Amino acid sequence: MAEATAHGQGQHGLHAVHTHDGTAAPVDAHQEHPIKLYLVVWAWLFILSACSYMVDYFGVHGYLRWTLILIFMMLKAGLIVAVFMHMAWERLALAYAIILPPVLVLVFTLMMVFEADYTLFTRLVYFGNGP
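Remember, predicted model here, so these are calculated numbers, not experimental data.

Participant: So what exactly am I meant to see when it comes to the overall build of the chain here?
Facilitator: When helices and strands are counted, the chain shows four helices and two strands. Element order for the chain, N to C, with α for helix and β for strand: α-β-β-α-α-α. Looking at the chain as a whole, 11% of its 131 residues qualify as buried. Across the chain, every contact between residues at least 6 apart in sequence was considered, and the portion connecting residues at least 24 apart equals 39%.

Participant: How should helix α4 (residues 92-127) be read in this particular structure?
Facilitator: Since the α-helix turns once every 3.6 residues, residues separated by three or four places project in the same direction. The end-to-end C-alpha distance of α4 is 51 Å, a good match for the 52 Å that 36 residues give at a rise of 1.5 Å each. Along α4, the helix axis deviates most sharply at I99, where the bend reaches about 35°; the proline P101 sits within four residues downstream. Downstream of α4 by one or two residues, G128 has phi in the positive range, about 85°.

Participant: Help me understand the pattern of salt bridges in this model?
Facilitator: Charged atoms that come close allow side chains of opposite charge to pair. For the coordinates displayed, the defined rule picks out one salt bridge. Taking the shortest distance from any N to any O, the salt bridge between R65 and D56 comes out at 2.9 Å.

Participant: I would appreciate a short explanation of a nonpolar patch on the surface in the present structure.
Facilitator: The grouping of L92, L94, Y96, I98, I99, L100, V103, L104, V107, F108 and M111 at the surface amounts to a nonpolar patch, some 1,000 Å² of accessible area in total. Residue placement: L100 occurs in helix α4. Its relative accessible area of 43% is what places L100 among the partly exposed residues.

Participant: Explain the confidence of the model for the chain here, please?
Facilitator: Low pLDDT means the predicted coordinates in that region are not meant to be read closely. Looking at the chain as a whole, the pLDDT averages 80, with 75% of positions reaching at least 70. When pLDDT is averaged over each element of the chain, helix α2 (residues 35-57) comes out on top at 94 and helix α1 (residues 2-6) at the bottom at 48. Between residues 1-6, whose pLDDT stays under 50, and residues either more than four places distant or in other chains, the model counts seven contacts. Contacts for the low-pLDDT stretch residues 10-14, under 50 throughout, to residues beyond four places or in other chains number eight contacts.

How each quantity is defined
Each chain carries its own residue numbering, running from 1 in the direction its sequence is written. Residues qualify for local features only when their pLDDT is at least 70, as the model is predicted, and side-chain atom pairs are given and counted only at 80 or more; totals for whole chains, interfaces and linings, by contrast, use all residues. Values shown for side chains rest on all heavy atoms present in the structure; no hydrogens or waters enter the calculation. By definition, any uninterrupted DSSP run of H or I lasting at least four residues is a helix, any uninterrupted run of E lasting at least two residues is a strand, and each is numbered from the N terminus. Each residue gets one of three labels from its accessible area relative to the maximum for its type: buried under 20%, exposed over 50%, partly exposed in between, using a 1.4 Å probe on protein chains only. Working rule for contacts: check all heavy atoms of both residues, and any pair within 4.5 Å makes them a contact. Multiply 1.5 Å by the residue count of a helix minus one, and that product is the helix's expected span. A residue's bend is the angle separating two fitted axes: one through the seven residues that end there, the other through the seven that start there. Take a side-chain nitrogen of Lys or Arg and a carboxyl oxygen of Asp or Glu: if they are within 4 Å of each other, that pair is a salt bridge. Patch membership requires more than 30% relative accessible area and the absence of a salt bridge. Residues of like charge join within 9 Å; the nonpolar side chains Val, Leu, Ile, Met, Phe, Trp and Tyr join within 5 Å. Only the protein chains shown count as cover for residues, with accessible areas throughout obtained via the Shrake-Rupley method and a probe of 1.4 Å. In predicted models, pLDDT denotes the confidence assigned by the predictor to each residue on a 0 to 100 scale.

Right under this line is the structure:
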């Protein structure tokens with residue numbers, strides 16, 4: 001293992017194929033994905049973008065509009081991160097390190113929205129509508 005790391009091969013140098021004379025030859029760890037996968041992802045990104053534009057085209061308003069736009073945005077971002085940034089094939093710890101913080105930011109933002117509504121409600125109850 002030290003030899004593989006010393007030669008800059010890292011973990012990929014550990015996987016080897018044994019030749020007929022008993023020596024180990026390193027295997028190229030490069031992985032290529034079929035073009036069909038990328039075409040399917042491009043198609044889904046196009047469909048999700050079209051749905052996002054349809055929300056504007058049909059004139060959806062209010063919370064439904066922003067909820068739909070955010071859902072389509074998160075789905076598109078998830079596809080891009082999973083396939084084009086190759087996170088679907090990474091170790092789980094690395095995926096959590098990249099995906100968990102934005103999820104927590106969304107959770108904390110949702111908590112702030114509820115707190116703001118509660119604060120507004122209590123101000124209206126105790127202080128009235130104002131002048």
